[in-house]
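# Notes for the structure review
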Amino acid sequence: MPGLLRGVARTAVVAGTATAVSNRVSRRQGGRWAQQDAQQQAQQQAAAPPPPPPPPPAAEPPADDMTTKIEQLKQLSTLKEQGVLTETEFAEQKRRLLG
């Protein structure tokens, strides 16, 4: 029985030592990788040119004045048909638009 106990104890010591060494190696390697990643990111940020400025907003092409007025008249007509505008309000807005 003492020989069996001694064998189990020796196995436990060897396994514990192996685990401790393995954990230390893993932590050390992880630290090295983190350091390399930080260096690579710093190099990429230093080497990367600044992003180009955003393009200016595109100017809208000038709309045909008559087409715009026709669309506005259609909107006014729709509002009149829905009862939002009275006949006199519609006439006044139409006069302003065409005037």
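Everything below is about the structure shown above.
Residues numbered from 1 in each chain as written. Predicted model: local features only at pLDDT ≥ 70, side-chain atom pairs only at ≥ 80, totals over all residues. Heavy atoms only, no water.

### Section: the overall build of the protein chain
The secondary structure content of the protein chain amounts to three helices and zero strands. For the protein chain, buried positions account for 4% of its 99 residues. (Helix = DSSP H or I, 4+ residues; strand = E, 2+ residues; numbered from the N terminus. Buried < 20%, exposed > 50% of the residue type's maximum accessible area, 1.4 Å probe, protein only.)

### Let's talk about the environment of Phe90
Along the chain, the position of Phe90 falls in helix 3 (residues 87-98). Residue classification places Phe90 among the buried residues on the basis of a relative accessible area of 11%. Considered as a pair, Phe90 and Leu73 are 17 residues apart in the sequence and their alpha carbons are 9.3 Å apart. Ignoring any residue separated from it by four or fewer positions in sequence, one finds Phe90 in contact with Leu76, Ser77, Lys80 and Leu85. (Contact = heavy atoms within 4.5 Å.)

### Here we look at the packing of aromatic side chains
With the rule as written, the count across this model stands at zero aromatic pairs. Here the guanidinium or amino end of Lys80 rests over the ring plane of Phe90, the centre of that ring lying 4.7 Å away. (Phe/Tyr/Trp six-rings, centres within 6.5 Å; stacked < 30°, edge-to-face > 60°. Lys NZ or Arg CZ within 6 Å of the ring centre and 35° of its normal.)

### Topic: a positive patch on the surface
Together, Arg24, Arg27, Arg28 and Arg32 make up a region of like positive charge exposed at the surface. With respect to the helices and strands, Arg24 occurs in helix 1 (residues 2-47). In this structure Arg24 comes out as exposed when scored by relative accessible area, which is 52%. (Patch = residues over 30% accessible without salt bridge, like charges linked within 9 Å, V, L, I, M, F, W, Y side chains within 5 Å. Areas by Shrake-Rupley, 256 points an atom, 1.4 Å probe, with all protein chains shown as cover. Salt bridge = Lys/Arg side-chain N within 4 Å of Asp/Glu carboxyl O. Lys, Arg positive; Asp, Glu negative; His and termini not counted. Charge placed at Lys NZ, Arg CZ, Asp CG, Glu CD.)

### Concerning the pattern of salt bridges
Counted by the stated rule, this structure contains four salt bridges. Between Lys74 and Glu71 there is a salt bridge whose closest N-O contact spans 4.0 Å. Within this pair, Lys74 and its partner Glu71 are both found in helix 2 (residues 65-81), separated by three residues, close to a single helical turn. The class of Glu71 is partly exposed, set by a relative accessible area of 39%. Close ionic contact of Glu92 with Arg95 constitutes a salt bridge, the shortest N to O distance being 2.7 Å. With Glu92 and Arg95 both in helix 3, this residue pair falls three residues apart, about one helical turn. Since its relative accessible area comes to 29%, Glu92 is described here as partly exposed.

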